[in-house]
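Here are the chains, one letter per residue:
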Amino acid sequence: MEKAFNDYTKAYDNLMAGKTIDGKGSRANGKELENNDIAH
């Protein structure tokens, strides 16, 4: 459960920074969720 929570917070931090969930790229619109963000 701790790993799942850490993964969730890392993904959230990446989204808030305008990056993809995995943190490897930038999202086109950093202020709105994209379909790929929601699908994961």
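What you see is a predicted model; the values in this text were computed from it and never measured.

J.: For this particular structure, what's the right way to read the overall build of the chain?
T.: From N to C terminus, the chain includes two helices and zero strands. Residues classed as buried in the chain amount to 15% of the 40 residues present. Accessible surface computed for the chain: about 3,600 Å², of which carbon and sulfur atoms make up 53%.

J.: Can you walk me through a nonpolar patch on the surface in this structure?
T.: There is a patch of nonpolar side chains on the surface, built from Phe5, Tyr8, Tyr12 and Met16 and spanning about 520 Å² of accessible area. Relative to the helices and strands, Phe5 is located in helix α1 (residues 2-16).

J.: Got a minute to help me understand α1 in this structure?
T.: In an α-helix, one full turn covers 3.6 residues, which means residues spaced three or four apart are oriented alike. Here α1 contains 15 residues, and its C-alpha end-to-end distance of 21 Å stays within 8% of the 21 Å for a straight helix at 1.5 Å per residue. Where α1 is concerned, the buried positions are Ala11, Asn14 and Leu15. The buried residues of α1 occupy one face: seen down the axis, they fall within an arc of 100°. Exposed and oriented more than 90 degrees from the buried face of α1 are Glu2, Phe5, Lys10 and Met16. Looking at the residues trailing α1, positive phi occurs at Gly18, about 80°.

J.: It is not clear to me how the environment of Tyr8 should be interpreted in this structure. Could you clarify?
T.: For Tyr8, the location among the structural elements is in helix α1. With 13 residues separating them in the primary sequence, Tyr8 and Ile21 have C-alpha atoms 9.3 Å apart.

Calculation criteria
- Residues numbered from 1 in each chain as written.
- Predicted model: local features only at pLDDT ≥ 70, side-chain atom pairs only at ≥ 80, totals over all residues.
- Heavy atoms only, no water.
- Helix = DSSP H or I, 4+ residues; strand = E, 2+ residues; numbered from the N terminus.
- Buried < 20%, exposed > 50% of the residue type's maximum accessible area, 1.4 Å probe, protein only.
- Areas by Shrake-Rupley, 256 points an atom, 1.4 Å probe, with all protein chains shown as cover.
- Patch = residues over 30% accessible without salt bridge, like charges linked within 9 Å, V, L, I, M, F, W, Y side chains within 5 Å.
- Salt bridge = Lys/Arg side-chain N within 4 Å of Asp/Glu carboxyl O.
- Expected span 1.5 Å × (residues − 1).
- Arc of directions from axis to C-beta.

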